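Residue strings, one per chain:
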Amino acid sequence: MSRKILSTPIRDEDLEGLNVGDVVYLTGHLVTCRDVAHRRLIEQGRELPVDLRGGAIFHAGPIVREKDDGHFEMVSIGPTTSMRMEKFERQFINRTGVKLIVGKGGMGPETTAGCQEGKAVHAIFPGGCAVLAATLVEEIERAEWQDLGMPETLWVNRVREFGPLIISIDTKGNNLIEQNKAVFNEKKLPAIERIKSQVRFIK
Amino acid sequence: MDKEESVRSLTETMAKFTAYIGKRLPNDVKDKLAELRTMETNPLAKAIYMSMADNQEAADKLDRPSCQDTGVIQYFVRAGAKFPLLGELEQILHDATLGATKMGPLRHNAVETFDEKNTGTNTGSKIPWLDWEIVPDEDTAIIDVYMAGGGCTLPGKATVLMPGQGYEGVTDFVFDVITSRGVNACPPLLVGVGVSTSVETAARLSKRAILREVGSHNPNENAAKMETLLEEGLNEVGIGPQGLTGANSVMGVNIESSARHPSTIGVAVSTGCWAHRRGKIRINADLSYEIISHKGAAL
Ligand code: SF4
């Protein structure tokens, strides 16, 4: 099976055919962007120092090493919980024109609406796979807002076939994690009843 | 070796071992993940298990911590009363954490509460956390090291049930924690359950439960039966790796228990994520050591 690869700048038509559960890989630029960057743009109305039109962001706080020649090396970069950005993401998509949001775990109804309006998607990179992710970063091209410290700096990474990225919110209003939760809650009931009938140790 | 030299030597061994376990998973966890991977037919779940395996290989090769969250360091000590460095052990493990933080390098994960400042050293008030058991007459020490990451610590929960709720109530409690709070903690999880008399005794036992090997069983027949029932039941839910659905949900369910007050059932759940970074080492009286959790490991 050949890999489905998205390249930045990402166009609407690249995303329209994608459904939740699809696996894609990213080639191009992936910019780390988390709590404070969202807050600065939305709450304080500051301009982001990186143009994200057609771009991709990563909810992540990496470990970066500065080499002797002044270049940066990506040591470890794992996704952080996306839900923390739920409060801002709909407006963020709207304001920046970002197309791909990568993180860990699901996001809520506001982001789902934002993805539908702005033709964007949210994708999950497997948690705990931080070294794998670091090896897929070819180069850190720029570092913006370094005053925020290492975890919050906007690291502009050039990546090649970065993934797997599992589409968890598509452009049509589907939310994979919400769907899964409903399935789990339904499936657990018969299992619980069966176990209960076998653990009546108090007689 | 004089005492000073002994202390230095054991500090170095424990620092190296602590850094080591952040980069490589113990044999039982590694084997279980490989087994779960082969049981998956769903291509998405398979792809995630492959990424996990690739990640561990890259971490080993590049000698880097496999997950960026290297947790709060905890040591569970089972020391003989005649272990020669019994009185020095607390300081040794504190200094080992400092050493491992530089060697790893480990992320700085100790925030002093109320002052709300990151100490930048992975040490702070009562951190690294120590849990003690003293064994009469023995002269060796067995030390479990655990990296308590944020994601895998968050689902933890304890309560006291009424006896009328019985083990049926314990079942509800475990399922509730795992299907609601456990889904975001990087499944497949190793689920530790403490069944005891109050919140703190149950919580301590639930943590000890995830230090037990994957696939091991409680010696009590009913408890062992409940471990199997809970494991099978949770697997039926099909949470899959990263909560993205799959053929299974968990690496296993381990129960540890104590006697209880007739009017209470204390119950607690602790979880270990797929990157369950723990290690077990035996230190002999002459300070030679044997690594039990990672076969063939060289420090
Ligand atoms: S839950 Fe475990 S694997 Fe996932 S990010 Fe936290 S420490 Fe890493």
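Colleague: I would appreciate a short explanation of the packing of helix α6 (residues 166-181) of chain B against helix α8 (residues 221-237) of chain B in the present structure.
Modeller: Each pair of packed helices gets described by two things: the angle between the helix axes and the distance between those axes. Residues and elements named next belong to chain B. It is the contact of α6 with α8, at a shortest axis distance of 11 Å, that shows an interaxial angle of 40°. Considering their axes alone, α6 and α8 lie oblique with respect to each other. Between α6 and α8 the crossing geometry is right-handed. Facing Y167, V170, T171, V174, F175, I178 and T179 of α6, the residues of α8 in contact are M226, L230, G233, L234 and V237. Its residues assigned to classes, the contact of α6 with α8 comprises nine nonpolar, three polar and no charged.

Colleague: Is there a simple way to think about empty space enclosed by the protein in this case?
Modeller: Rolling a probe over the atoms, with the probe sized like a water molecule, indicates the empty space that remains. A full pass over the atoms with the stated rule returns one cavity of 30 Å³ or more. Its boundaries defined by the atoms lining it, the largest cavity holds a volume of some 40 Å³. Every residue lining the largest cavity is listed: A:I63, A:V75, A:S76, B:P65, B:Q68 and B:P105. For the lining of the largest cavity, the class distribution of residues is four nonpolar, two polar and no charged.

Colleague: Would you take a moment to explain the domain arrangement of chain B for this structure?
Modeller: Where interface size is quoted, it is often the accessible area lost as the parts come together. Residues and elements named next belong to chain B. By domain assignment, chain B separates into domain 1 (3-23 + 66-149 + 277-291) and domain 2 (157-272). Contact residues are listed per partner, giving 10 residues for domain 1 and 11 residues for domain 2. Taken over both partners, the interface formed by domain 1 and domain 2 buries close to 780 Å², and the fraction arising from carbon and sulfur atoms is 46%. Among the residues domain 1 hides against domain 2, the three largest losses belong to F76, Y146 and R278. Together they make up 60% of the total. Inspection of the region where domain 1 meets domain 2 yields three salt bridges. In this structure, the salt-bridge partner of R208 is D131, at a minimum N-O distance of 2.8 Å.

Basis of the calculations
Residues numbered from 1 in each chain as written. Chains lettered and ligands numbered in written order. Predicted model: local features only at pLDDT ≥ 70, side-chain atom pairs only at ≥ 80, totals over all residues. Heavy atoms only, no water. Axes fitted to C-alpha atoms, helices over the stretch in contact; angles between N-to-C directions. Helix = DSSP H or I, 4+ residues; strand = E, 2+ residues; numbered from the N terminus. Parallel < 35°, antiparallel > 145°, perpendicular 65-115°, else oblique. Left-handed = near helix turned anticlockwise from the far one by under 90°. Contact = heavy atoms within 4.5 Å. Nonpolar A, V, L, I, M, F, W, Y, C, P; charged D, E, K, R; others polar. 1 Å grid on protein atoms, 1.4 Å probe; cavity = no way out; pocket = protein on both sides within 12 Å on 5 of 7 lines; lining within 4 Å. Points joined across faces, edges and corners; volume = space filled by probe spheres on them. Domains from an automatic or database assignment. Buried area = accessible area lost by both parts, 1.4 Å probe. Salt bridge = Lys/Arg side-chain N within 4 Å of Asp/Glu carboxyl O.

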